[in-house]
Amino acid sequence: LGKMFIVNAPWAFKALWTVVKPWLDRRTQKKIDICSDKGTKKLLEWVDADKLPDFLGGTAKEPPTGWGTTDEGPWKEDM
């Protein structure tokens, strides 16, 4: 796992994270960001705005076939 963002997390989830976090290795803790809002600022540090969906503060529009139906991602980049 490189980085994980949990966005629009309810207060109960953040409270649970406060309890669980100390049990995890520090490296793992640093890989997880919990955001009570859309987390746009943090997400844009990792994802280009044109790749981030508009509902999370980016500029990417929903494809005609819907989210999750494209094969876009870093695995498609030329190596």
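The shown structure was predicted, so the numbers you read here are calculated from the model rather than taken from an experiment.

Enquirer: Would you mind showing me how to read unusual backbone geometry here?
Expert: Comment: phi is negative for the bulk of residues other than glycine, and the bulk of peptide bonds are trans. Phi is positive for Asn-8, close to 55°, though the residue is something other than glycine. Mapping Asn-8 onto the fold places it in the loop between strand 1 (4-6) and helix 1 (11-20). With relative accessibility at 48%, the residue Asn-8 sits in the partly exposed group.

Enquirer: How do you make sense of the pattern of salt bridges when you look at a structure like this?
Expert: Think of it this way: side chains of opposite charge can pair up when their charged atoms draw near. Enumeration according to the criterion identifies three salt bridges in this entry. Lys-3 is the salt-bridge partner of Asp-33, the closest N and O atoms lying 3.1 Å from each other. In this pair, Asp-33 sits in strand 2 (residues 32-34) while Lys-3 sits in the segment before strand 1, placing the two residues 30 residues apart along the sequence. Among the residues examined, Asp-33 registers a relative accessible area of 17% and is labelled buried. Note on Lys-3: relative accessible area 23%, which makes it partly exposed. Overlapping salt bridges, with partners in common, bring together Lys-3, Asp-33 and Lys-42 in one network.

Enquirer: For this particular structure, what's the right way to read the side chain of Gln-29?
Expert: Structurally, Gln-29 can be placed in helix 2 (residues 26-30). Here Lys-21 takes part through its backbone oxygen, which lies 2.7 Å from a polar atom of the side chain of Gln-29. Gln-29 has contacts with Trp-17, Lys-21, Pro-22 and Leu-24, leaving out every residue within four places of it along the chain.

Parameters at a glance
- Residues numbered from 1 in each chain as written.
- Predicted model: local features only at pLDDT ≥ 70, side-chain atom pairs only at ≥ 80, totals over all residues.
- Heavy atoms only, no water.
- Helix = DSSP H or I, 4+ residues; strand = E, 2+ residues; numbered from the N terminus.
- Buried < 20%, exposed > 50% of the residue type's maximum accessible area, 1.4 Å probe, protein only.
- Salt bridge = Lys/Arg side-chain N within 4 Å of Asp/Glu carboxyl O.
- Polar contact = N/O pair within 3.5 Å; in protein donor to acceptor, adjacent residues only side chain to side chain.
- Contact = heavy atoms within 4.5 Å.

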